[in-house]
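Letter by letter, the chains look like this.
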Amino acid sequence: MRMLLIHSDYLEYEVKDKALKNPEPISEEQKKGRLDEVLAVFMSVEKVDETNPDEIVEKAIVEIKDVASQVKADRIFVYPFAHLSSELAKPDVALRVLQKIEERLKEEGFEVKRAPFGYYKAFRLSCKGHPLAELSRTIVPSGEAVS
Ligand SMILES: C[C@@H](O)[C@H](N)C(=O)N[C@H]1[C@@H](O)[C@H](n2cnc3c(N)ncnc32)O[C@@H]1CO
């Protein structure tokens, strides 16, 4: 999994068109979303993650919690983003991983939103620009090589 973490004044998105034949079903309310004072986490779930999705979820939680504590963010925006890797996991696996990450972050006490999966989306982001405001992480299941 590849993650780009941006500590932001806000992130807002608006769903435009389907980017997959069968995108995640969403309600009218989910077509737009915004969080203020948020750690935005753009995530590409990768093919290698399919060998152990549950482990990838837990490793992602560790990394996100670490950055959130450093930048003192208690809101997280989980943002599916297919542009951080050229070896993407299948959509059904990727969606399940991102749904599980959202659920686990809520269990950890964060306020969480997740942008809809399988769509083209317009978004606006205001990066705070401090030294830890832009970070990236790569995680793989144990025993796998980082490509
Ligand atoms: C397109 C761009 O504007 C938008 N931001 C977008 O990326 N949309 C992606 C993700 O929501 C999702 N998606 C599919 N596979 C994956 C994957 N392996 N990991 C993460 N997301 C995925 O499906 C869409 C098309 O790839």
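These numbers come from a predicted model, not from an experiment.

1. Here's the deal with the site of the ligand
Among the 18 residues in the neighbourhood of the ligand, the closest are listed as Val 45, Ala 82, His 83, Ala 89 and Gly 118. The separation between an oxygen atom of the ligand and a polar main-chain atom of Gly 118 is 2.9 Å. Starting from 530 Å² of accessible surface for the ligand in isolation, the protein chains cover 90%. Looking at which element gives the most residues to the shell around the ligand, the answer is strand S5 (residues 119-127), with 3 residues. Grouping the amino acids of the shell around the ligand by side-chain chemistry returns 14 nonpolar, 3 polar and 1 charged.

2. Remarks on the confidence of the model for the protein chain
A residue-level look at the protein chain finds 100% of positions with pLDDT of 70 or above and a mean pLDDT of 97. Among the prediction metrics, the complex's ipTM stands at 0.97, with pTM recorded as 0.97.

3. Regarding the pairing of strand S2 (residues 32-44)
The pairing of strand S1 (residues 2-18) with S2 spans 12 bridges and is antiparallel. Across the sheet, the residue bridging to Glu 14 is Lys 32, located in S2. Summarising the sheet, S2 and strand S3 (residues 75-80) pair through 5 bridges and their orientation is parallel. Across the sheet, Leu 39 pairs through a bridge with Ile 76, a residue of S3. Each parallel crossover has a hand, and for S2 linked through helix H1 (residues 53-71) to S3 it is right-handed.

4. Observations concerning the pattern of salt bridges
Any two side chains of opposite charge can pair, on the condition that their charged atoms come close. With the rule as written, the count across this model stands at 22 salt bridges. Residues Glu 12 and Arg 34 are paired through a salt bridge, measuring 2.8 Å at the closest nitrogen-oxygen approach. Linking Glu 12 in strand S1 with Arg 34 in strand S2, this pair joins segments that are 22 residues apart in sequence. Residues Glu 102 and Arg 114 are paired through a salt bridge, measuring 2.8 Å at the closest nitrogen-oxygen approach. With Glu 102 in helix H2 (residues 91-107) and Arg 114 in strand S4 (residues 111-114), this pair connects stretches of sequence that are 12 residues apart. Like Arg 114, Glu 102 is buried. Each of the salt bridges in this network shares a partner with another, and the network as a whole consists of Glu 58, Lys 65, Arg 104, Glu 107 and Glu 108.

Thresholds applied
Residues numbered from 1 in each chain as written. Predicted model: local features only at pLDDT ≥ 70, side-chain atom pairs only at ≥ 80, totals over all residues. Heavy atoms only, no water. Near = heavy atom within 4 Å. Polar contact = N/O pair within 3.5 Å; in protein donor to acceptor, adjacent residues only side chain to side chain. Areas by Shrake-Rupley, 256 points an atom, 1.4 Å probe, with all protein chains shown as cover. Helix = DSSP H or I, 4+ residues; strand = E, 2+ residues; numbered from the N terminus. Nonpolar A, V, L, I, M, F, W, Y, C, P; charged D, E, K, R; others polar. pLDDT = per-residue confidence, 0-100. Pairing = 2+ DSSP bridges. Right-handed = clockwise from strand over helix to strand, strands pointing away. Salt bridge = Lys/Arg side-chain N within 4 Å of Asp/Glu carboxyl O. Buried < 20%, exposed > 50% of the residue type's maximum accessible area, 1.4 Å probe, protein only.

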